[in-house]
Amino acid sequence: MHLNTFSILVLCLVGWSSANTLQGSIDLKRIQSILQEGLKNKDVASLYYSIKGLKDLKVPIPDVCQDIKNAKYDSKNIEQVFYLASAAALSGCQNSLSTDLLRPPSQVLDKKDATIQELYYAVYTLKALGKGSVYDKEDSLKNLIQLLKKDDSPANYGYVFALCEHMGCTAWTASHAEGVLLAADESDSRALHFDGGLPVTSMLLSTITRSYKQQKKASPLNPEQKLKFAEYVLSRRSVTSPRGAALLLDAATALADDQPTPISIVIKGKKYVTSDSDSIEFAVTDLLGRPVPGLKPEDVVAQSGTRLADDVVVLSKQPLTQKPNEPTTFVLNLSKIKAQYGMYKIALSAGGKTANVNIAVLGEIQVSSIEVGIGDVDGTTSPKVTTVTYPNKLTEKLQADHLQKVTLKFSVRDKWNKAVTVQQAFVRVGGAHDETIFVAEPDNAKAYKVELVRPTDNLHITTE
Ligand SMILES: *[C@@H]1O[C@H](CO)[C@@H](O)[C@H](O)[C@H]1NC(C)=O
């Protein structure tokens, strides 16, 4: 066995707790790649959501007219007819559609017992086909209100709000939206969503915010509601389907474009400083990862920094600096405390919102020398001790047999040669293929000790 490496690791927990900010944003590149992949999918729903999402992202869409022409759909399923007609309208491929497509929505409108959802699909199919004026606007709102009395689910309100955008009744939306928002479900007092999940939440947030904008009214969403809906949207960010991606984008855009927008504060990269790298970078963004509108760089401030071990305040009201050419990156310079090892809680505020983050100040530590002792297992004779100074190696091979034990003793020192206590010290013993990790125990306040005992081995020790 060769003893060739001494490694000391400092373990620390770097945690996070948030007051009134988000801890992340939607990865638009990932959303875009799901949507682009979705274009290859021949299913009409995937095609529609991929095209819609890419248009929302303002990403050029390849020619999909042939796909639309060949798309398989069930003409009795008004939802599928809507997807096809809308995909064609969004991509400028109306000419690839069959004229038969007009029949299914007309049949829905003629039916006495059409549901709100069917009416929504029928009206928007006709709109996509350039026949938006067919739906009788006078009586239709009254009819929809009657239908809502039978089933006033959030989903149905979403469809009616969307129909009102088309029919010109956004004032009705504005008089009902606040009540609907109160019907949102709260999960663990952090996140808000509507019954029906992402599709319904996305539709309600986007129709409500658009309708209020159209009415030139301030959004009915208060900052707490926005933050909680944004928490929900973030919790669904691992979507994988084009439909999920488009709905997520829609919901996130509705919230991110509604000022003042929820703010996300996250650490970018390393969560610690050392004597060589004395600063920590933060990303301050909206829910879509964009710069926060109206946020002045001087409004990004570390309000306080507190050492967790003893609650000592080490910094107060220290401004961050905006990184050149990276409008969302702010740098906190911690050179002041880089020699004071430990865990710290930083309260970082941006535009009146605050996040608490835990960071670590790591010491650059070294093991200046190590004592290798070889003694009897039963401790009857005092061990033979050899001292090795870093970076030297043992000058001779040490021999030990199964009646003997090997002990290592070392102290951990900082850059200024002061002995430091680390949370845990490990010693890695072995070569590339066979290694064992030993936990070193504190021997006294200044040193660590570990016994390497493998009674059946004959040990040949060299340091390399
Ligand atoms: C942090 O501040 C110190 C002292 O003012 C300075 O020497 C150092 O370069 C700064 N670090 C960065 C990354 O700007």
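Residues numbered from 1 in each chain as written. Predicted model: local features only at pLDDT ≥ 70, side-chain atom pairs only at ≥ 80, totals over all residues. Heavy atoms only, no water.

Caption draft 1: Spatial organisation of helix H2 (residues 44–56). The terminal C-alpha atoms of H2, which comprises 13 residues, lie 18 Å apart, in line with the 18 Å expected from a rise of 1.5 Å per residue. The set of residues buried in H2 consists of Val44, Ala45, Ser46, Leu47, Tyr48, Tyr49, Ser50, Ile51, Lys52, Gly53 and Leu54. The positive-phi residue at the C-terminal boundary of H2 is lysine 58, with phi of around 60 degrees. (Helix = DSSP H or I, 4+ residues; strand = E, 2+ residues; numbered from the N terminus. Expected span 1.5 Å × (residues − 1). Buried < 20%, exposed > 50% of the residue type's maximum accessible area, 1.4 Å probe, protein only.)

Caption draft 2: Geometry of the layout of surface pockets. Its volume calculated, the largest pocket comes out at about 1200 Å³. Forming the boundary of the largest pocket are 46 residues, of which Tyr48, Lys52, Ser206, Arg210 and Asp250 lie nearest the centre. For the lining of the largest pocket, the secondary-structure elements that each account for two or more residues are H2, helix H4 (78–91), helix H6 (116–128), helix H8 (154–167), helix H10 (197–214) and helix H12 (242–256). Top element by residues in the lining of the largest pocket is H10. It accounts for 10 residues. Taken together, the residues of the lining of the largest pocket sort by class into 24 nonpolar, eight polar and 14 charged. (1 Å grid on protein atoms, 1.4 Å probe; cavity = no way out; pocket = protein on both sides within 12 Å on 5 of 7 lines; lining within 4 Å. Points joined across faces, edges and corners; volume = space filled by probe spheres on them. Nonpolar A, V, L, I, M, F, W, Y, C, P; charged D, E, K, R; others polar.)

Caption draft 3: Focus on the domain arrangement of the chain. For the chain, the domain assignment lists domain 1 (28–256), domain 2 (263–361) and domain 3 (365–452). A separation of 39 Å is found between the C-alpha centroids of domain 1 and domain 2. Listed as interface residues are nine residues of domain 1 and, on the opposing side, four residues of domain 2. Summed over both sides, the interface between domain 1 and domain 2 buries roughly 550 Å², with carbon and sulfur atoms accounting for 80% of that surface. When residues of domain 1 are sorted by the area they lose upon contact with domain 2, Leu28, Ala252 and Ala256 head the list and together hold 60% of the total. Here domain 1 is connected to domain 2 by zero salt bridges. Connecting domain 1 to domain 2 are zero residue pairs in polar contact (both at pLDDT 80 or more). Going through the elements one at a time, helix H11 (223–235) and H12 are the ones with two or more residues in the side of domain 1 that touches domain 2. (Domains from an automatic or database assignment. Contact = heavy atoms within 4.5 Å. Buried area = accessible area lost by both parts, 1.4 Å probe. Salt bridge = Lys/Arg side-chain N within 4 Å of Asp/Glu carboxyl O. Polar contact = N/O pair within 3.5 Å; in protein donor to acceptor, adjacent residues only side chain to side chain.)

Caption draft 4: How the structure looks around the state of the cysteines. Within this structure, the stated rule accounts for two disulfides. Between the sulfur of cysteine 65 and that of cysteine 93 lies a disulfide, 2.2 Å long from S to S. Judged by the sign of its S-S torsion, about -80 degrees, the bond between cysteine 65 and cysteine 93 is left-handed. Separated by 28 residues along the polypeptide, cysteine 65 in helix H3 (residues 65–70) and cysteine 93 in the loop between H4 and helix H5 (103–110) bring together distant segments of the chain. With relative accessibility at 2%, the residue cysteine 93 sits in the buried group. In this model, cysteine 164 is linked to cysteine 169 through a disulfide, with the two sulfur atoms separated by 2.0 Å. Across the S-S bond linking cysteine 164 and cysteine 169, the dihedral sits near -100 degrees, which makes this disulfide left-handed. (Disulfide = S-S within 2.5 Å.)

Caption draft 5: The arrangement of the site of the ligand in detail. Neighbouring residues of the ligand: Asp278, Ser279, Asn333 and Ser335. A distance of 3.2 Å is found between a nitrogen atom of the ligand and a side-chain nitrogen or oxygen belonging to aspartate 278. For the shell around the ligand, a count of residues per class yields no nonpolar, three polar and one charged. (Near = heavy atom within 4 Å.)

Caption draft 6: A look at the sheet that holds strand E18 (residues 435–444). Strand order in the open sheet made by the six strands is E14-E13-E16-E19-E18-E17, with antiparallel pairing throughout. At either margin of the open sheet sits one strand with a lone partner, and together these are strand E14 (384–389) and strand E17 (425–430). Across the sheet, the mean angle separating the axes of adjacent strands is 30 degrees when strand polarity is ignored. Direction of pairing for strand E13 (residues 365–376) relative to E14: antiparallel, over a ladder of six bridges. (Pairing = 2+ DSSP bridges. Axes fitted to C-alpha atoms, helices over the stretch in contact; angles between N-to-C directions.)

Caption draft 7: Region of interest: the packing of H10 against H12. Interhelical geometry of H10 versus H12 gives an angle of 35 degrees and a closest axis separation of 8 Å. Viewed along their axes, H10 and H12 form a crossing whose handedness is left-handed. Contacts from Leu198, Pro199, Ser202, Leu205, Ser206 and Thr209 in H10 reach Arg243, Gly244, Leu247, Leu248, Asp250, Ala251, Ala254 and Leu255 in H12. Grouping the amino acids of the contact of H10 with H12 by side-chain chemistry returns eight nonpolar, four polar and two charged. (Left-handed = near helix turned anticlockwise from the far one by under 90°.)

Caption draft 8: Fine view of the sheet that holds strand E4 (residues 264–268). An order of E4-E6-E10-E9 is seen for the four strands of this open sheet, with the pairing classed as antiparallel. At either margin of the open sheet sits one strand with a lone partner, and together these are E4 and strand E9 (321–323). Neighbouring strand axes in the sheet, compared pairwise and without regard to direction, differ in orientation by 40 degrees on average. Taken together, the three bridges between E9 and strand E10 (residues 326–333) define a ladder with antiparallel strand orientation. Note on E10: the bridge partner recorded for lysine 323 is glutamate 326.

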